[in-house]
Amino acid sequence: MASILPSEKENRRKFSLPLEEDIVDSPSPPPNPPPTSPIYGNKKAKEPKMPAVFAHRFRYFILILGCLCLTSVCSNMIALNFTLICMFHPAAESDPFVNLPLASENLTTTNEHGHPKYAYTQHEKSVLMWAVAIGSMAATFPLSVLYSKFGARYVFFTAGLVSAISTLLIPAGAEMGLSWFLALRVLQGIAYAADFAAIGVLCARWASLKQNGMFISILTCFSTISSSITNPVAGAPQF
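In this convention, every chain numbers its residues from 1, walking through the sequence in written order. This being a predicted model, a pLDDT of at least 70 is required before a residue's local features are given, and a value of 80 or more before pairs of side-chain atoms are given or counted; all residues contribute to the totals for chains, interfaces and linings. Side-chain numbers come from the whole structure's heavy atoms, not from hydrogens or water.

Draft legend 1. A look at the overall build of the protein chain. Counting from the N terminus, the helices are DSSP H or I runs at least four residues long and the strands are E runs at least two residues long. A count of helices and strands for the protein chain gives nine helices and two strands. Written out in order from the N terminus, the α and β elements of the protein chain read α-α-β-β-α-α-α-α-α-α-α. Between buried and exposed lies partly exposed: a residue is buried under 20% and exposed over 50% of the maximum accessible area for its type, with that area taken using a 1.4 Å probe on protein chains only. Counting only residues that meet the buried cut, the protein chain has 29% of its 239 residues in that class. Residue contacts follow a heavy-atom distance rule, with two residues in contact if any of their heavy atoms lie within 4.5 Å. Expressed as a percentage of contacts within the protein chain between residues at least 6 apart in sequence, the contacts between residues at least 24 apart total 64%.

Rendered as C-alpha cells:
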C-alpha cells in the first residue's frame, strides 16, 4: 500500500479524517443472551413455555370450594333450628301453660322408633339459640387477626374441623346435660365466625377487580344454600 505523504496527513487531520494507523479492528460483538422472562422463571430456556390451559381459571375452583366450605359450616350451625321446632314437652300436650321443669330433670323419652326424644322449655331453646351468637361475636375479631397473621388455609381448616367435631358430639352432649350442649353450641358459633373473614380473604386474594362483585355475591349465598339443604334433611322422617 502506498505511503501517505505528509501533506495528505495534514489534510486528513484538518478535515477530521481517520488515518490508516488510527484504524483498529474492533472485536466482534458478544452473542445475544438467551431470552429470559420473569413470568416463566427459566433463565436458561431459549423458548418460553406456554402457560397452562387452566392457569387463569383456578380461581373459579377456589370460589366453588370456598362456597361449599362456608355452606357446610353454616349447615352445622342451623341443623338444630328445625329440630327445635319439632320438639315438644310431654306435660304441655294437655296444658300448654303448665310450669315446665328443666330438661335436665330426666325428661328424656323415646319415640315409636326407639330413638331418644328430648324435652326442652322455651327458655332453654332460646339459650341454645343465642349460645351460637355469643360464640360468633366473641370470635369475630380474634379470627380476623389470625387470618391476617397465618392466612386462610390453616385458620379456616381449623374452624371447619371444630364445627364438624362439635356437631358430631351434640347428641352425646345433649344426653350428658344442657351445659355440655351449650358448650358445643358455643363452639359452633366460634367456627361460624370464620365464614365472614374467609369471604374477605377469598375476594382479596383470588378475585380480580372486574370479578370482585361476582365473588362476593356467590360467597354470600352460603346461608341461603345451607338453609335449602339442611332444613329438608333435618325435617326428613326417621326410620
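Don't stop here, the text continues.
Draft legend 2. Spotlight on helix 4 (residues 152-168). In a helix, the anticipated span is given by 1.5 Å times the number of residues less one. The terminal C-alpha atoms of helix 4 lie 24 Å apart, and with 17 residues this matches the ideal 24 Å at 1.5 Å per residue to within 8%. Burial in helix 4 covers these residues: Val155, Phe156, Ala159, Ser163 and Ser166. End-on view of helix 4: buried residues confined to an arc of 95°, all on one side of the axis. Pointing more than 90 degrees away from the buried face of helix 4 are the exposed residues Arg153, Tyr154, Phe157 and Leu168. By construction, the arc corresponds to the directions joining the helix axis to the C-beta atoms.

Draft legend 3. Spatial organisation of the packing of helix 2 (residues 58-86) against helix 3 (residues 122-150). Running from N to C, helix 2 and helix 3 point in directions that differ by 165°, and their axes come no closer than 11 Å. Relative to helix 3, the element helix 2 lies roughly antiparallel. Where helix 2 crosses over helix 3, the handedness of that crossing is left-handed. Contacts between helix 2 and helix 3 involve Met77, Leu80, Asn81 and Leu84 from the first element and Lys125, Leu128, Met129 and Val132 from the second. Three categories are distinguished: nonpolar for Ala, Val, Leu, Ile, Met, Phe, Trp, Tyr, Cys and Pro, charged for Asp, Glu, Lys and Arg, and polar for the others, with Gly belonging to the last. Partitioned by chemical class, the residues of the contact of helix 2 with helix 3 number six nonpolar, one polar and one charged. Between N-to-C directions, angles cover 0 to 180 degrees, with each direction set by a line fitted to C-alpha atoms, over the stretch in contact for helices. Angles below 35 degrees are treated as roughly parallel, those above 145 as roughly antiparallel, those between 65 and 115 as roughly perpendicular, and all remaining angles as oblique. Left-handed describes a crossing whose near helix is turned anticlockwise from the far helix through less than a right angle; right-handed describes the clockwise counterpart.

Draft legend 4. Spotlight on the packing of aromatic side chains. Stacked, tilted and edge-to-face pairs are distinguished by plane angle, under 30 degrees for stacked and over 60 for edge-to-face with tilted covering the rest, among Phe, Tyr and Trp rings (Trp via its six-membered ring) whose centres lie within 6.5 Å. In this structure the tally under the stated criterion is six aromatic pairs. Ring centres of tyrosine 192 and phenylalanine 196 lie 5.2 Å apart, and the angle between their planes is 85°; on these two criteria the pair is classed as edge-to-face. Residue classification places tyrosine 192 among the buried positions, given a relative accessible area of 15%. An aromatic cluster is defined as three or more aromatic residues linked by ring pairs; in this entry it consists of Phe58, Phe61 and Trp206.

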